[in-house]
Amino acid sequence: RDQAFRGYDSTTVNTQALVLFDAERREAAALTAGQEGFIVLAETPFYLEAGGQVSDVGTITGPWGDGLVTGVAKVGVWPRLHAVRITRGTLKPRDLLTASVAEDVRDATRRNHTATHLLHAALRTVLGPHVKQAGSLVAPDRLRFDFVHFNAVTREQQLEIERIVNEQILKNTPVQTEVK
């Protein structure tokens, strides 16, 4: 039941619906226009919500129906359940579909993901190497970075951290991605 994640290479994948679930997560023979539910795909470009980063959103389209993907989560034995709202027609298991990530939303989330790394580095530079991440939220419209430090951050320290992060952003250094 393992699914292939193809999102590092592509934001659009031709795939197949394996299993559908209704909104109550009961296996369904079909989902029709207006219904919400979940779809398991044979392959997917959609990033899974994990580690404080929100999942991708986008569309699933097929010859007999379309849906909006509003989130992706790991539930039980399924590596990725695509939360969908069917916008046209009907989707069924074994349907051949095109799964497409909303690239502008992914790019905004990606920028905020990179910003968390810049912020963490700046915090360690200004406050000390003991600073450790203690949680985060990475979304397309914002980020939150929780960290451990033994004192309140002063206004001067805040300004220095902001200066370091902005300096790196303005350098616009290309990002190297390593999948490990």
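Fair warning: this is a prediction, and the values are worked out from it, not measured in the lab.

So, the overall build of the chain
Okay, step 1: In terms of regular secondary structure, the chain is built from two helices and twelve strands.
Okay, step 2: The N-to-C order of helical and strand elements in the chain reads β-β-β-β-β-β-β-β-β-β-α-β-β-α.
Okay, step 3: Compactness check: the chain gives a C-alpha radius of gyration of 20 Å against a globular reference of 16 Å for 180 residues, more than 25% above the reference.
Okay, step 4: With the C-alpha coordinates aligned to their principal axes, the bounding extent of the chain is approximately 60 × 30 × 30 Å.
Okay, step 5: Across the 180 residues that make up the chain, the buried fraction comes to 38%.
Okay, step 6: Considering only intrachain contacts with a sequence separation of at least 6, the fraction spanning at least 24 residues in the chain is 63%.
Okay, step 7: Accessible area for the chain stands at about 10,600 Å²; split by element, carbon and sulfur atoms hold 52% of it.

Looking at helix α2 (residues 155–171)
Okay, step 1: With 17 residues, α2 should reach 24 Å at 1.5 Å per residue; the first-to-last C-alpha distance of 24 Å fits that figure.
Okay, step 2: If you follow the buried residues of α2, they end up packed against α1 (103–127).
Okay, step 3: Count one or two residues on from α2 and you reach Asn 172, which has phi positive near 55°.

Considering the packing of aromatic side chains
Okay, step 1: Counted according to the given criterion, the structure contains two aromatic pairs.
Okay, step 2: The interplanar angle of 85° and the centroid separation of 5.0 Å between the aromatic rings of Phe 5 and Tyr 8 together place this pair among those described as edge-to-face.
Okay, step 3: Here Phe 5 falls in the buried class, since its relative accessible area comes to 18%.
Okay, step 4: Using a relative accessible area of 54% as the deciding quantity, one classes Tyr 8 as exposed.

Parameters and conventions
- Residues numbered from 1 in each chain as written.
- Predicted model: local features only at pLDDT ≥ 70, side-chain atom pairs only at ≥ 80, totals over all residues.
- Heavy atoms only, no water.
- Helix = DSSP H or I, 4+ residues; strand = E, 2+ residues; numbered from the N terminus.
- Rg over C-alpha atoms; globule rule 2.2 N^0.38 Å.
- Buried < 20%, exposed > 50% of the residue type's maximum accessible area, 1.4 Å probe, protein only.
- Contact = heavy atoms within 4.5 Å.
- Areas by Shrake-Rupley, 256 points an atom, 1.4 Å probe, with all protein chains shown as cover.
- Expected span 1.5 Å × (residues − 1).
- Phe/Tyr/Trp six-rings, centres within 6.5 Å; stacked < 30°, edge-to-face > 60°.

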